[in-house]
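Descriptive structure summary
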Amino acid sequence: MGGKEIQGVMACLKSGWLTTGPLCKAFEEKFCELTGASYALSVSSGTAGMHLMLLGLDIKRGDEIITPSMTFASTLNMITLCGAKPIFVDIHYDTLNINADLIKEKITEKTKVIVPVHFAGAPVDMDKILGIAKKYDLFIIEDAAHGLGTYYKGVHVGGFGHCAIFSFHPLKNITTGEGGMITHHDDHLESRLRLL
């Protein structure tokens, strides 16, 4: 944190807007520009973003959500908080990303969502995952907590037509002290997420 960042925080405090003010709106607009998403919603953390997205999609008890076997605990916590069951898929040992070739065998009639994780700035094989999601009518929530600045075939993560969750925890690519961002393209979902 340098002088410019400290001045920015002071300007925010003096503005009277501590949440959801013009700085949040400008930040959300920058994320739309970066990712190509139609909407961006700033939240208190990446975990909060995952929680809101699962609520926004009406995930409930008995639903199944496919996620890599190596992921951050909060993803699993939010899945189980909604009553759903995480279904683990092994990773590629060279990228530590989900092995998309193993996803199909885990899909059941209860599967609702795939949560690929772009690990440490390495993008997931989105072509395969998008193809699977389309074939089985599944929603994708990209865990892009480590994904700011990550591109897959020229598309920034979070710009693939479903949604993504970013994190601004101090260990991530940029920080707001804490915080997160949801990006997506759905008009109805936008209204629901803002309400939530």
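Analysis parameters
Residues numbered from 1 in each chain as written. Predicted model: local features only at pLDDT ≥ 70, side-chain atom pairs only at ≥ 80, totals over all residues. Heavy atoms only, no water. pLDDT = per-residue confidence, 0-100. Helix = DSSP H or I, 4+ residues; strand = E, 2+ residues; numbered from the N terminus. Patch = residues over 30% accessible without salt bridge, like charges linked within 9 Å, V, L, I, M, F, W, Y side chains within 5 Å. Areas by Shrake-Rupley, 256 points an atom, 1.4 Å probe, with all protein chains shown as cover. Salt bridge = Lys/Arg side-chain N within 4 Å of Asp/Glu carboxyl O. Buried < 20%, exposed > 50% of the residue type's maximum accessible area, 1.4 Å probe, protein only. Polar contact = N/O pair within 3.5 Å; in protein donor to acceptor, adjacent residues only side chain to side chain. Contact = heavy atoms within 4.5 Å. Pairing = 2+ DSSP bridges. Axes fitted to C-alpha atoms, helices over the stretch in contact; angles between N-to-C directions.

When pLDDT is averaged across the chain, the result is 92; 99% of the residues are at 70 or more. Across the chain, element-level confidence peaks in strand β4 (residues 111-114) with a mean pLDDT of 98 and bottoms out in helix α1 (residues 3-15) with 89.

With that settled, the discussion passes to a nonpolar patch on the surface. On the surface, Ile 6, Val 9, Met 10, Leu 13 and Leu 18 cluster together into a nonpolar patch covering about 500 Å² of accessible area. With respect to the helices, strands and loops of the structure, Leu 18 is situated in the loop between α1 and α2 (22-35).

Below, the discussion takes up the side chain of His 156. Locating His 156 in the fold gives a position in strand β7 (residues 155-156). Look at His 156 and you get buried, because its relative accessible area is 2%. Of the polar contacts made by the side chain of His 156, one reaches the backbone nitrogen of Gly 149; its length is 2.8 Å. With near-sequence residues (within four places) excluded, His 156 lies in contact with Leu 34, Thr 35, Gly 147, Leu 148, Gly 149, Thr 150, Tyr 151 and Phe 166.

Next up on the list: the sheet that holds strand β9 (residues 180-184). Within a beta sheet, neighbouring strands are joined by backbone hydrogen bonds and run either parallel or antiparallel to one another. If you trace the 7 strands from one edge of the open sheet to the other, you get β1-β9-β8-β5-β4-β2-β3, paired in mixed fashion. Lying at the two open borders of the sheet, with one neighbouring strand each, are β1 (39-43) and β3 (85-89). Put simply, the sheet's adjacent strands are angled 25° from each other on average, direction ignored. Together, β1, β8 (163-167) and β9 form the strand contacts of α2, whose direction differs from that of β1 by roughly 135°.

With 5 of 5 residues buried, β8 is to be regarded as a mostly interior element. Both faces of β8 are covered, namely the face carrying Cys 163, Ile 165 and Ser 167 and the face carrying Ala 164 and Phe 166. As judged from the 3 bridges shared by strand β5 (residues 139-143) and β8, these two strands associate in the parallel manner. Looking at β8, one finds that Glu 142 is bridged to Ala 164.

Next up on the list: the pattern of salt bridges. Here the structure, examined in full by the defined rule, presents 8 salt bridges. Residues Arg 192 and Asp 58 are paired through a salt bridge, measuring 2.8 Å at the closest nitrogen-oxygen approach. Remark: Asp 58 occurs in the loop between α3 (46-56) and β2 (64-68) and Arg 192 occurs in helix α6 (residues 187-195); sequence separation between them is 134 residues. The class for Arg 192 is partly exposed, based on a relative accessible area of 29%. Measuring nitrogen to oxygen at the nearest pair gives 3.7 Å for the salt bridge that ties Lys 60 to Asp 63. Look at Lys 60 and you get partly exposed, because its relative accessible area is 46%. Through salt bridges that share partners, Glu 28, Glu 190 and Arg 194 make up one connected network.

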